[in-house]
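Letter by letter, the chains look like this.
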Amino acid sequence: MAPDPTLKRIAVMGTGGVGGYFGARLKAAGHDVSFIARGAHLDALKTSGLTVASPLGDLALAPVTASNDPAEIGPVDAIVFAVKLGDTESAAERCRPLLKPETSLFTFQNGVESAARIGAAIGAEHVVPGVAYIAATIAAPGVIRHTGQMAKLVFGETDGRASARCEAFAAACREAGIDHELSGDITLALWQKFIRLAPLAGVTALTRHPVGPIRENARTRALLGEAVAEAIAVARAEGAAMGREEADAVLAWFDGLPAEMTSSMAGDLERGKPLELDGLNGALVRLAERHGLDVPAHRFITQALELQKEGAA
Ligand SMILES: NC(=O)C1=CN([C@@H]2O[C@H](COP(=O)(O)OP(=O)(O)OC[C@H]3O[C@@H](n4cnc5c(N)ncnc54)[C@H](OP(=O)(O)O)[C@@H]3O)[C@@H](O)[C@H]2O)C=CC1
Ligand SMILES: CC(C)(CO)C(=O)C(=O)O
């Protein structure tokens, strides 16, 4: 089947675990996808193409269009935005040559502040918030490694409308075999992920252990539970429609994860890369303060990881 004609040209800003994996699936389905990358990873993409190793099916795409200069790519219909939170504003600014008035930017960054930050840089009208559920990383230059079975995108307009641009992106995902959901309440979807991710990221990074041992040890399980309860309190204060009993569903989700599952922030810590601490646990501390709430577990996590935040020198 020919790919949906509405999204003729797609650019991936940040060809890492998330952008590389989902961008590769879209390209394999026949879409015109350009990959923005840098360093040795870009060199490998240019010389050897993009490889994805995944339990859902490997891909070896060569050649691929890859560049560190968005002006070389020019205006596109959609952008998949997936850089780390610390690169948000600089990468958003670099998207300008990719924009025409109707270009949509789908952001799959973690946290609950991504769309607002990108919107402030390039105009809110371009931005569609989204959530990625996947564990993927750059295993070597040009190679994305996906672990586990989870690989899902959730996206939607902030006002809940089923817009043409979201329908078109959903069609592209369908054609590419990407598990996806066009959400009628993306703000809730962002919080649903955030109340899982921030505790998991914080506790896996802090303990340097995957979820298996953390959930089996009474003390670390309690820390995870406290971090979840605090995140839910902040979500509720921010207006997310969820009850305190949501904590049971989150702990059940942790119990269902593969024991060896960790978080992208723990992976960054291991590799000496900068941490997304300010946008995850740090964001909960900031938002809690705004509502007069105390979040001691997240405060402690941010304090304990502070010296690793910028990555290894
Ligand atoms: N990895 C995962 O499993 C998941 C991650 N997420 C979220 O998705 C977002 C992206 O994470 P992830 O895919 O892991 O990130 P990665 O670090 O794997 O990939 C981001 C890539 O973008 C590159 N990059 C950053 N800025 C620019 C720029 N201005 N120009 C060109 N290239 C640039 C980075 O290069 P360099 O390495 O040189 O910095 C890197 O190669 C994060 O917010 C993360 O929390 C969400 C769900 C799961
Ligand atoms: C927990 C996980 C793997 C879920 O998608 C994630 O988002 C991350 O580690 O950044």
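Residues numbered from 1 in each chain as written. Chains lettered and ligands numbered in written order. Predicted model: local features only at pLDDT ≥ 70, side-chain atom pairs only at ≥ 80, totals over all residues. Heavy atoms only, no water.

### As for the site of ligand 1
- Taken together, 25 residues lie around ligand 1, and Val18, Arg38, Asn110, Ala136 and Glu276 are the ones closest in.
- Contacts to ligand 1 include isoleucine 134, whose backbone N or O atom sits 3.0 Å from an oxygen atom.
- Within the side chain of glutamate 276, a nitrogen or oxygen atom sits 2.5 Å from an oxygen atom of ligand 1.
- Against a free-state accessible area of 880 Å², the protein chains account for coverage of 89% of ligand 1.
- In this structure, the shell around ligand 1 is formed jointly by two domains, domain 1 (9–184) and domain 2 (188–308), each of which donates at least three residues. (Near = heavy atom within 4 Å. Polar contact = N/O pair within 3.5 Å; in protein donor to acceptor, adjacent residues only side chain to side chain. Areas by Shrake-Rupley, 256 points an atom, 1.4 Å probe, with all protein chains shown as cover. Domains from an automatic or database assignment.)

### Some thoughts on helix H7 (residues 186–207)
- Compared with the 32 Å implied by 1.5 Å per residue over 22 residues, the 31 Å span of H7 between its first and last C-alpha is a close match.
- Of all the bends in H7, the greatest, near 30°, is centred on phenylalanine 194.
- Here H7 lies mainly inside the structure; 19 of its 22 residues are buried. (Helix = DSSP H or I, 4+ residues; strand = E, 2+ residues; numbered from the N terminus. Expected span 1.5 Å × (residues − 1). Bend = angle between axes of the 7 residues up to and from the residue. Buried < 20%, exposed > 50% of the residue type's maximum accessible area, 1.4 Å probe, protein only.)

### Digging into the domain arrangement of the protein
- Considered domain by domain, the protein is made up of domain 1 (9–184) and domain 2 (188–308).
- Relative to domain 2, the C-alpha centre of domain 1 lies at a distance of 25 Å.
- Between domain 1 and domain 2, the residue contacts involve 15 residues of the former and 19 residues of the latter.
- A buried area of about 1,500 Å², summed over both sides, lies between domain 1 and domain 2, and 62% of it is on carbon and sulfur atoms.
- Applying the counting criterion to the domain 1 and domain 2 interface returns two salt bridges.
- Taking the shortest distance from any N to any O, the salt bridge between aspartate 268 and lysine 84 comes out at 3.0 Å.
- Taken together, the links from domain 1 to domain 2 amount to six residue pairs in polar contact (both at pLDDT 80 or more).
- Elements that contribute at least two residues to the side of domain 1 that touches domain 2 include exactly strand E8 (127–140) and strand E9 (143–155).
- In terms of residue class, the side of domain 1 that touches domain 2 is built from eight nonpolar, five polar and two charged. (Contact = heavy atoms within 4.5 Å. Buried area = accessible area lost by both parts, 1.4 Å probe. Salt bridge = Lys/Arg side-chain N within 4 Å of Asp/Glu carboxyl O. Nonpolar A, V, L, I, M, F, W, Y, C, P; charged D, E, K, R; others polar.)

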